[in-house]
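One letter stands for each residue in the lines below.
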Amino acid sequence: MGLDEIRRRISAAETASGRAAGEVTLIAVSKVQPPDRVEAVLDAGQRVFGENYVQEAAGKWPGWRERFAGIELHMIGPLQTNKLKPALELFDAIHTLDRPSLATKLARQVQVRGACPQLFVQVNTGAEPQKAGILPDEADAFIAQCRALDLAISGLMCIPPEDRDPVPHFRDLRDIAARNGLAGLSMGMSADFETAIAEGATHVRIGSAIFGARDYR
Ligand SMILES: *Cc1c(COP(=O)(O)O)cnc(C)c1O
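Residues numbered from 1 in each chain as written. Predicted model: local features only at pLDDT ≥ 70, side-chain atom pairs only at ≥ 80, totals over all residues. Heavy atoms only, no water.

Peer 1: Help me out: how do you make sense of the side chain of Asp192 in this one?
Peer 2: With respect to the helices, strands and loops of the structure, Asp192 is situated in the loop between strand E7 (184-186) and helix H8 (193-198). Engagement of the side chain of Asp192 in a polar contact is seen with the backbone nitrogen of Met189, the distance being 2.7 Å. Look past the residues within four positions of Asp192 in its chain and what remains in contact with it is Pro166 and Phe170. (Helix = DSSP H or I, 4+ residues; strand = E, 2+ residues; numbered from the N terminus. Polar contact = N/O pair within 3.5 Å; in protein donor to acceptor, adjacent residues only side chain to side chain. Contact = heavy atoms within 4.5 Å.)

Peer 1: Honestly, unusual backbone geometry in this entry has me stumped. Any pointers?
Peer 2: With the exception of glycine, the majority of residues adopt a negative phi angle, and the majority of peptide bonds are in the trans configuration. Phi at Val32 is positive, roughly 65°, even though this residue is not glycine. Inspection of the secondary structure puts Val32 in the loop between strand E1 (25-29) and helix H2 (35-43).

Peer 1: I keep staring at the packing of aromatic side chains and nothing clicks. Help me out?
Peer 2: For any pair of aromatic rings, the description consists of the separation of the ring centres together with the inter-plane angle of the planes. By the definition in use, this model includes 2 aromatic pairs. Taken together, a centroid distance of 4.7 Å and an interplanar angle of 45° make the contact between Phe49 and Trp61 tilted. On the criterion of sequence distance, the pair formed by Phe49 in strand E2 (residues 48-51) and Trp61 in helix H3 (residues 54-67) is long-range, its members being 12 residues apart. Classification of Phe49 as buried rests on a relative accessible area of 0%. Taken together, a centroid distance of 4.8 Å and an interplanar angle of 65° make the contact between Trp61 and Trp64 edge-to-face. Highlighted residues: Trp61 and Trp64, both in helix H3, separated by 3 residues, approximately one helical turn. One exposure class covers both Trp61 and Trp64, and it is buried. An aromatic cluster is defined as three or more aromatic residues linked by ring pairs; in this entry it consists of Phe49, Trp61 and Trp64. (Phe/Tyr/Trp six-rings, centres within 6.5 Å; stacked < 30°, edge-to-face > 60°. Buried < 20%, exposed > 50% of the residue type's maximum accessible area, 1.4 Å probe, protein only.)

Peer 1: Looking at this structure, how should I read the side chain of Thr202?
Peer 2: Residue placement: Thr202 occurs in the loop between H8 and strand E8 (203-206). Within the local environment of Thr202, its side chain forms a polar contact with the backbone nitrogen of Leu185, the two atoms lying 2.8 Å apart. The residues contacting Thr202, other than those within four sequence positions of it, are Arg19, Glu23, Val24, Thr25, Ala183, Gly184 and Leu185.

Peer 1: Just checking my understanding: could you explain H3 for this structure?
Peer 2: Taking 1.5 Å of rise per residue, the 14 residues of H3 would be expected to cover 20 Å, and the 20 Å separating its terminal C-alpha atoms lies within 8% of that figure. Of all the bends in H3, the greatest, near 35°, is centred on Trp61, and the proline Pro62 appears no more than four residues after it. Listed as buried for H3 are Val54, Ala57, Lys60, Trp61 and Trp64. Along its buried surface, H3 packs onto H2, E2, strand E3 (72-75) and helix H4 (84-90). (Expected span 1.5 Å × (residues − 1). Bend = angle between axes of the 7 residues up to and from the residue.)

Peer 1: What should I look at first to understand the pattern of salt bridges in this one?
Peer 2: Charged atoms that come close allow side chains of opposite charge to pair. Following the criterion strictly, the structure yields 12 salt bridges and no others. Measuring nitrogen to oxygen at the nearest pair gives 2.9 Å for the salt bridge that ties Glu56 to Lys60. Of this pair, Glu56 and Lys60 both sit in helix H3, 4 residues apart, which is roughly one turn of that helix. Using a relative accessible area of 23% as the deciding quantity, one classes Glu56 as partly exposed. By relative accessible area, which is 16% here, Lys60 ends up buried. Arg65 is paired through a salt bridge with Asp92; the nearest N and O atoms lie 2.8 Å apart. Separated by 27 residues along the polypeptide, Arg65 in helix H3 and Asp92 in the loop between H4 and strand E4 (93-97) bring together distant segments of the chain. One salt-bridge network, in which partners are shared between bridges, spans Glu51, Glu56 and Lys60. (Salt bridge = Lys/Arg side-chain N within 4 Å of Asp/Glu carboxyl O.)

Peer 1: In this structure, what is going on with the UniProt feature "domain: Alanine racemase N-terminal" (unreviewed entry) in the protein? I would like to understand it.
Peer 2: The feature "domain: Alanine racemase N-terminal" (unreviewed entry), as annotated in UniProt, sits at residues 4-214 in this numbering. As annotated, residues 4-214 has a helix share of 43% and a strand share of 17%, and its two end C-alpha atoms lie 19 Å apart. (UniProt positions renumbered as here; feature names shortened; annotations may be inferred.)

Structure (structure tokens):
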């Protein structure tokens, strides 16, 4: 499909849902992709990228940052507390703030560093046992807890259950954000980003539709 096509479709979805042009941030999810595909997308001017694994990202991005100005990196995978320090050195945003123990350790590191990445709280809107994220019922309390730790929360993130209508999940996320005064909504992937934009997404995370299928071998 490719970057140009995705940019065009995002722009059309913004227009169709009465959103301002350029309101939605495209995060190009480059995890596991071969370097030549990522470089082609960098050459085409894309600067916002998402990665799932700290170690993989740490191996790839410092080099590209020397060659391409203005790169913004978003952590979208589960974050282990023992990877927090390298993650803070690398990432401009974390979309997977998903538990109190991580919030506590993050707050301590932010104090030490005097800088904080943009933060999204991950909500497990489908209450799926295998998935990370705060349960919807516990989201308000968790957001309050983060704020009490002086963590500035920019928004919420969700990954709806596979093979189900994502709309109720996008709406739940939007409702939780609205009642907590949060503007950011990180929702929508290759298969459903236009729907997510219609439901208010501010950040869409798109991998395979830009780069092609991932090969995990
Ligand atoms: C891999 C991943 C994506 C991108 O998925 P695609 O279906 O390839 O667009 C988006 N969000 C998260 C959290 C991911 O892990």
